[in-house]
Amino acid sequence: RNDCLYINRGKGDRQIKILKKKKNGIKCVKGRKIKFRSSKYIGELDYRHRLKGDFSLFWKYAPILNENDQLLLLAIMVNACFPNNEYPVLLIIGGPGSGKTTLTEIILEVIDPTIFGVSAPLTSVEDIKLAAVHRHMPAFDNNGGVFSPAIQNMLCQSSTGGKSNSRKYFTNNDAIVVDLRKSTIINSLQSPLSQDDLLSRTIHLQLKPLTIADYTKAGGKTNFKSRFKEDLPKILKGFYEILH
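A few points on the structure.

What counts as what
- Residues numbered from 1 in each chain as written.
- Predicted model: local features only at pLDDT ≥ 70, side-chain atom pairs only at ≥ 80, totals over all residues.
- Heavy atoms only, no water.
- Helix = DSSP H or I, 4+ residues; strand = E, 2+ residues; numbered from the N terminus.
- Buried < 20%, exposed > 50% of the residue type's maximum accessible area, 1.4 Å probe, protein only.
- Contact = heavy atoms within 4.5 Å.
- Phe/Tyr/Trp six-rings, centres within 6.5 Å; stacked < 30°, edge-to-face > 60°.
- Pairing = 2+ DSSP bridges.
- Axes fitted to C-alpha atoms, helices over the stretch in contact; angles between N-to-C directions.

This part is about the environment of Asn 143. Secondary-structure assignment places Asn 143 in strand β5 (residues 139-143). On the basis of relative accessibility, which here comes to 4%, the residue Asn 143 falls in the buried class. For the pair Asn 143 and Ile 34, spaced 109 residues apart in sequence, the C-alpha separation works out to 36 Å. When residues no more than four places from it in sequence are discounted, the contact partners of Asn 143 are Pro 121, Leu 122, Ile 186, Asn 187, Ser 188 and Leu 189.

Okay, structure coming up:
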């Protein structure tokens, strides 16, 4: 709104306001003018304005990606923060122990923390509709097999825009309209996609198996999540500086 980007902190009416042109253009404000759709499942962004931002810490916890893939993933995350864009489906592929779920989780911590976390495998169009109502970035974990044509068609709609209409319960004429346009993450051992129209809307990231040394760089496997939580406020501030 008015060349500013507003991000819901998920904490009361607190919002992060990112101005387009000013030098110190990141502020924490009360939501008097910008109203977000409320959901009881929303999480909180651990944003601390006074910290020095450092988004490079994100790559410390992400599974091994080359520089081009890092830039591609960052572009997807930035694009997800702007409304009414086209959102490519992010497909994360890798074998057991490659960090597919870990990468999905830390992306969500930056973009869309909710109590859903990473959802169960995608099995029906109703899963997509439910996620579209309650999430900004739907994410489906450990998918197997090839998705049905109906699921793939709806994922196309979630990428480039579309709405789902259904009859409201216990009524004859009232409708429920769901905006399907969302930035969606799917991870899987092998690609569950087969339709050309969906493949053309998909960004693929291929992960390799992680070693003990890979976990060591983030403080060890047992301390991974706690170390990430400690660094998350700096990562968030750094991400908002990129948006600015």
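One pass over the structure, following the stated rule, counts 9 aromatic pairs. Taking the centre distance of 5.8 Å and the plane angle of 90 degrees together, the rings of Phe 55 and Trp 59 count as edge-to-face. Given a relative accessible area of 17%, Trp 59 falls into the buried group. Taking relative accessible area as the criterion, Phe 55 reaches 7% and is therefore assigned buried.

Here we take up the sheet that holds strand β3 (residues 26-30). The strand order across the open sheet formed by 3 strands is β1-β2-β3, and the pairing between neighbours is antiparallel. Pairing within the sheet leaves two strands with one partner each, and these edge strands are β1 (4-11) and β3. Each neighbouring strand pair of the sheet contributes to a mean axis angle of 30 degrees, computed without reference to strand direction. Alignment of β1 against strand β2 (residues 14-19), held across 6 bridges, turns out to be antiparallel. Looking at the pairing, Tyr 6 lines up with Lys 17 of β2.

This is a description of form; function is not addressed.
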